[in-house]
Amino acid sequence: MRDIFFSISMILLTLVIYFVVTWLYKKYPLPILLPILSGTVLMIIILVSLGISYEKYMIGGQVITSLLGPTVVALAYPLYKQRDFLKKYLFTIIGGAFIATLTAMLSVGLLGKALRIDSGFIISLLPKSLTTPVAIEVAKVLEGNASMAVVGVTITGIFGVIISPYIFKYVRIHTSIGRGIALGGTSHAMGTAKAAEYDELAFSISSITMSICAIIGSIIGPLMVWVLQM
Amino acid sequence: MMKVLLVILQVCILYIFSFVGISIQHFFSLTIPGNIIGMLLLFVCLCFNIVPVKMIESGAQFLLSILMLFFIPATVGVMDYPELLSVHGLLLIIAILVSTMITMAVSGKTTQYFAKKTQKREADQACETSSSQSL
């Protein structure tokens, strides 16, 4: 009974924090106030000050996380709405998703090796540009660490969203297709949420890129471990 | 009130697709995650009008509008990695940040370049057709 009460209060706490930080971001759209960043920091501060461990918090937290499943499925909806466009640019999008996934895995693998990072950690970082539930499963297949994969995915997602306006400006990426591929292919669902701030086209491209990257990533992931000899 | 019930019902339909996708993944022991299979399945069902878009529209729109909420519990997991604040963690974060910038710049720029090239070729072809028609 106390467990139920506790998990409900954790869910409510997460909801309240989410609505507060979203409202704040709508009022002041600064990168530092991005809901995922400010929400996470605020949540950690509250949990640490109340002396609640992550494991305990997740008794309630997993209820929210379980909605990730149908949400990934729901991505079929924007995909369907943009199907004519997707048919037209099918090869560009598949090509873009392939380049994004390959670049993401190769660059982090080579950088990790150059910086002499533990190969177990590097393997967990390989799927960092894939959407969270997919990255967890890919990390498991590659015998990496699932939690570490989530950390990599999260940092990539948050940083990608923050840095994207500057990258787009200095590398001159100004088409919806370029932005959608870059955001969805690099920063998965968080990038897709950011792409929605540009236009619906960028959002749709980003979400299909993310989905295709998930498929490509789960196929070339094991290949990358072999190529990088880890 | 009707609207709320509709959204809940439609989210349940999405759950079914998620469940079917995960079952398919386990049955064939695929490396492609179940939810992605569920998504592709729903996409095919929508395209062939097996599932009318009206049946999932409100639920899908609702879930996608609060996408960020579902990541908060997962990202809070960072608190279990205090070693990210050590030198080793710093190197790890540097690798992630640099790789993120490279990926974003390379994928965005390359795709934009090829998309423009394709568009230009199509425009040229359209031009040729129209000029030959005028002759």
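Residues numbered from 1 in each chain as written. Chains lettered and ligands numbered in written order. Predicted model: local features only at pLDDT ≥ 70, side-chain atom pairs only at ≥ 80, totals over all residues. Heavy atoms only, no water.

**Considerations on the domain arrangement of chain B**
Consideration 1: The domains assigned to chain B are domain 1 (1-68) and domain 2 (79-130).
Consideration 2: Using only C-alpha atoms to locate each centre, domain 1 of chain B and domain 2 of chain B end up separated by 29 Å. (Domains from an automatic or database assignment.)

**Quick look at the interface of chain A and chain B**
Consideration 1: If you look at the interface, chain A gives 89 residues, while chain B gives 70 residues.
Consideration 2: Taking both sides of the interface into account, the surface hidden between chain A and chain B amounts to around 7,400 Å²; carbon and sulfur atoms contribute 81%.
Consideration 3: At the junction of chain A with chain B, the criterion picks out zero salt bridges.
Consideration 4: Summed over the shared surface of chain A and chain B, the number is 14 residue pairs in polar contact (both at pLDDT 80 or more).
Consideration 5: No other element matches helix 10 (residues 146-170) of chain A, which puts 14 residues into the side of chain A that touches chain B.
Consideration 6: Per-class residue counts for the side of chain A that touches chain B are 55 nonpolar, 29 polar and five charged. (Contact = heavy atoms within 4.5 Å. Buried area = accessible area lost by both parts, 1.4 Å probe. Salt bridge = Lys/Arg side-chain N within 4 Å of Asp/Glu carboxyl O. Polar contact = N/O pair within 3.5 Å; in protein donor to acceptor, adjacent residues only side chain to side chain. Helix = DSSP H or I, 4+ residues; strand = E, 2+ residues; numbered from the N terminus. Nonpolar A, V, L, I, M, F, W, Y, C, P; charged D, E, K, R; others polar.)

**Digging into helix 3 (residues 57-65) of chain B**
Consideration 1: Taken together, the buried positions of helix 3 of chain B are occupied by S58, G59, A60, L63 and L64 of chain B.
Consideration 2: Close packing links the buried residues of helix 3 of chain B with helix 4 (68-74) and helix 5 (76-81) of chain A together with helix 1 (2-27) of chain B. (Buried < 20%, exposed > 50% of the residue type's maximum accessible area, 1.4 Å probe, protein only.)

**A look at the confidence of the model for chain A**
Consideration 1: Taken as a whole, chain A shows an average pLDDT of 88; of its residues, 100% reach a score of 70 or greater.
Consideration 2: Per-element averaging of pLDDT across chain A places helix 9 (residues 132-141) of chain A at the bottom with 78 and helix 7 (residues 90-114) of chain A at the top with 93. (pLDDT = per-residue confidence, 0-100.)

**Some thoughts on the side chain of T154 of chain A**
Consideration 1: Mapped onto the elements of the fold, T154 of chain A is located in helix 10.
Consideration 2: If near-sequence neighbours (up to four positions away) are discounted, T154 of chain A is found in contact with M190 of chain A together with T75 of chain B.

**Focus on the side chain of S176 of chain A**
Residue and element names in this part refer to chain A.
Consideration 1: Note on placement: S176 falls in helix 11 (residues 176-195).
Consideration 2: Looking at S176, its side chain comes within polar contact range of the side chain of D199, at 3.0 Å.
Consideration 3: What S176 contacts, discounting residues up to four positions off in sequence, is D199, L201, A202 and I205.

**Brief notes about the packing of aromatic side chains**
Residue and element names in this part refer to chain A.
Consideration 1: This structure, assessed with the given rule, holds five aromatic pairs over all chains.
Consideration 2: Each ring, one from Y54 and one from Y57, has its centre 6.4 Å from the other, and the planes form 35°; the classification is tilted. Residue Y54 and its partner Y57 are both found in helix 3 (residues 54-65); the two are separated by three residues, about one turn of the helix.
Consideration 3: Above the ring of F6, the side-chain terminus of K56 is found at 4.9 Å from the ring centroid.
Consideration 4: Of note, R83 hangs over the ring of Y80, and the distance from its end group to the ring centre comes to 4.1 Å. (Phe/Tyr/Trp six-rings, centres within 6.5 Å; stacked < 30°, edge-to-face > 60°. Lys NZ or Arg CZ within 6 Å of the ring centre and 35° of its normal.)

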